[in-house]
Amino acid sequence: MSNNTMVPEAQDAMNRFKMEAANEVGVNLKQGYNGDLTSKQAGSIGGQMVKKMIKS
């Protein structure tokens, strides 16, 4: 599995979505590399993103 966006035009929207989800769960993301996040923090961001996608 790769980290490439299937629709390159959607990359900015996905980054905004990720930042919004991170903000909602209280994780501070910075632009660019965020390799200092714990697994719990990264998982909570991904989980929040999935919850919002299912809800919509």
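The coordinates are above.
(A) Fine view of the nonpolar core. Within the largest apolar cluster, seven residues are counted, these being F17, A21, A22, V27, L29, I45 and M49. At the level of secondary structure, the elements contributing two or more residues to this core comprise α1 (11-24) and α2 (39-55). By residue number, the principal contributor to this core is α1, which donates three residues. With residues near it in sequence (within four places) discarded, L29 still touches K18, M19, A22, N34, L37 and I45.

(B) Region of interest: a nonpolar patch on the surface. On the surface, V50, M53 and I54 cluster together into a nonpolar patch covering about 310 Å² of accessible area. Mapped onto the secondary structure, I54 falls in helix α2.

(C) Looking closely at α1. Taking 1.5 Å per residue, 14 residues should reach 20 Å; α1 reaches 20 Å between its end C-alpha atoms and fits that length. Along α1, the positions that sit buried rather than exposed are F17, A21 and A22. Along the axis of α1, the buried residues cluster in a sector spanning 135°; they form a single face. With respect to the buried face of α1, the exposed residues turned more than 90 degrees away are D12, R16 and N23. For α1, the secondary structure elements touched by its buried residues are α2.

(D) Structural detail: the pattern of salt bridges. Tallied over the full model, the rule gives three salt bridges. The partner of E20 in a salt bridge is K52, and the shortest N-O contact between them spans 2.6 Å. Here K52 lies in helix α2 and E20 lies in helix α1, a separation of 32 residues in the sequence. A residue is classified by how much of its surface remains accessible, and E20, at 40% relative accessible area, is partly exposed. The salt bridge partner of D36 is K30, with a shortest N-O separation of 3.1 Å. The class of D36 is exposed, set by a relative accessible area of 58%.

Analysis parameters
Residues numbered from 1 in each chain as written. Predicted model: local features only at pLDDT ≥ 70, side-chain atom pairs only at ≥ 80, totals over all residues. Heavy atoms only, no water. Core = buried A, V, L, I, M, F, W, Y, C linked by side-chain atoms within 4.5 Å. Buried < 20%, exposed > 50% of the residue type's maximum accessible area, 1.4 Å probe, protein only. Helix = DSSP H or I, 4+ residues; strand = E, 2+ residues; numbered from the N terminus. Contact = heavy atoms within 4.5 Å. Patch = residues over 30% accessible without salt bridge, like charges linked within 9 Å, V, L, I, M, F, W, Y side chains within 5 Å. Areas by Shrake-Rupley, 256 points an atom, 1.4 Å probe, with all protein chains shown as cover. Salt bridge = Lys/Arg side-chain N within 4 Å of Asp/Glu carboxyl O. Expected span 1.5 Å × (residues − 1). Arc of directions from axis to C-beta.

The values reported here are purely geometric and, on their own, carry no functional implication.
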